[in-house]
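Structural features, examined
For reference, the chains in residue letters:
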Amino acid sequence: MTARTLRVLFLDDDPANMEMVTESLARSGMAVVTERVDSPEAFRQALREFAPDVVLSDDALENFDARAALEVVQNMRPTAPLIVVADATERHSAASFVRAGAEDLVLKSCLDRLAPMIECALAVRRRLEKLTPRQMEVLRLMAEGLTTPEIARRLLLSTKTIETHRGEIMKRVGIH
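Let me begin by describing the structure that accompanies this report. Because the structure is a prediction, the values reported are computed rather than measured. (Residues numbered from 1 in each chain as written. Predicted model: local features only at pLDDT ≥ 70, side-chain atom pairs only at ≥ 80, totals over all residues. Heavy atoms only, no water.)

What about the overall build of the protein chain?
Scanning the protein chain for helices and strands turns up eight helices and five strands. Counting from the amino terminus, helix and strand elements in the protein chain follow one another as β-α-β-α-β-α-β-α-β-α-α-α-α. For 176 residues, the compact-globule estimate of 2.2 N^0.38 gives 16 Å, and the protein chain sits close to it at 17 Å. Per-residue burial for the protein chain yields a buried fraction of 41% across its 176 residues. Long-range contacts, defined as pairs at least 24 residues apart, comprise 64% of the intrachain contacts of the protein chain with a sequence gap of at least 6. (Helix = DSSP H or I, 4+ residues; strand = E, 2+ residues; numbered from the N terminus. Rg over C-alpha atoms; globule rule 2.2 N^0.38 Å. Buried < 20%, exposed > 50% of the residue type's maximum accessible area, 1.4 Å probe, protein only. Contact = heavy atoms within 4.5 Å.)

Structural notes on the sheet that holds strand S2 (residues 32–37)
Spatially, S2-S1-S3-S4-S5 is the arrangement adopted by the five strands of the open sheet, whose pairing is parallel. Strands with a single pairing partner mark the edges of an open sheet, and in this sheet they are S2 and strand S5 (104–107). The average undirected angle you get between the axes of adjacent strands in this sheet is 25°. Set on the sheet, helix H1 (residues 15–27) makes contact with strand S1 (6–11), S2, strand S3 (54–58) and strand S4 (82–86); between it and S2 the angle comes to about 165°. The strands touched by helix H5 (residues 114–125) are S1, S3, S4 and S5; relative to S5, the strand with the most contacts, the crossing angle is about 170°. (Pairing = 2+ DSSP bridges. Axes fitted to C-alpha atoms, helices over the stretch in contact; angles between N-to-C directions.)

Some remarks on the pairing of S1
Among the six residues of S1, five are classified as buried, and the element is accordingly described as predominantly covered. Bridge count between S1 and S2: six bridges; the pairing is parallel. The partner of Phe 10 across the bridge, within S2, is Arg 36. Two elements, S1 and S3, share four bridges in a ladder whose sense is parallel. Paired with Leu 11 across the strands is Ser 57, a residue of S3.

Let's talk about the side chain of Ser 57
Structurally, Ser 57 can be placed in strand S3. What makes Ser 57 buried here is its relative accessible area of 0%. Excluding residues within four positions of it along the chain, Ser 57 makes contact with Leu 11, Ala 66, Ala 69, Leu 82, Ile 83, Val 84 and Val 85.

Examining helix H3 (residues 66–76)
Buried within H3 we find Ala 66, Ala 69, Leu 70, Val 72 and Val 73. Each buried residue of H3 lies within a common arc of 165° when the element is viewed along its axis, so the set occupies one face. (Arc of directions from axis to C-beta.)

Looking at the packing of aromatic side chains
Enumeration according to the criterion identifies one aromatic pair in this entry. Looking at Arg 7, its charged tip hangs above the ring of Phe 50, at a distance of 4.2 Å from the centre. (Phe/Tyr/Trp six-rings, centres within 6.5 Å; stacked < 30°, edge-to-face > 60°. Lys NZ or Arg CZ within 6 Å of the ring centre and 35° of its normal.)

Overview of a negative patch on the surface
A contiguous patch of negative charge, built from Asp 13, Asp 14, Glu 19, Glu 23 and Glu 62, is present on the exposed surface. With respect to the helices and strands, the residue Asp 13 is situated in the loop between S1 and H1. Exposure remark for Asp 13: the relative accessible area of 45% places this residue in the partly exposed category. (Patch = residues over 30% accessible without salt bridge, like charges linked within 9 Å, V, L, I, M, F, W, Y side chains within 5 Å. Areas by Shrake-Rupley, 256 points an atom, 1.4 Å probe, with all protein chains shown as cover. Salt bridge = Lys/Arg side-chain N within 4 Å of Asp/Glu carboxyl O. Lys, Arg positive; Asp, Glu negative; His and termini not counted. Charge placed at Lys NZ, Arg CZ, Asp CG, Glu CD.)

Rendered as structure tokens:
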């Protein structure tokens with residue numbers, strides 16, 4: 001497990017769920033500092049001020065679900081993975097979370113899988129920390145399938161500048 005204390009943000013309306021997950025992570029040897037929120041406003045504020053390493057989201061909130069949270073995380077804190085923690089879900093629902101960009105989905109009945117899942121997600125995302133905010137923005141647009149000229153137009157930059165960013169992203173992240 002990781003040697004440092006991880007900052008974990010919970011998007012959940014039930015404090016008991018956070019306690020259950022925190023106990024599971026502690027049993028696995030993971031040191032965590034947690035914060036729980038249950039509204040879109042509090043979630044955005046916590047992303048800015050608490051600056052979590054990982055976000056865990058319930059999938060059953062009425063006013064702000066995991067998909068909406070994922071969009072906010074991708075825009076405000078793209079290096080933090082979001083993992084959906086669910087009571088139960090159908091197979092196609094789990095796949096839709098992952099296709100939307102969630103790192104994974106873990107059932108509350110299988111919380112022993114959560115700590116290794118967090119470690120794996122953080123290892124994958126660690127390379128993104130080498131990127132500047134502008135490079136993250138270019139990478140996000142590349143992932144959406146935009147071409148270099150389209151990205152240049154969207155960001156009001158030259159095509160050559162975007163090509164330079166793309167090359168630097170590939171070098172820093174180690175992709176070809």
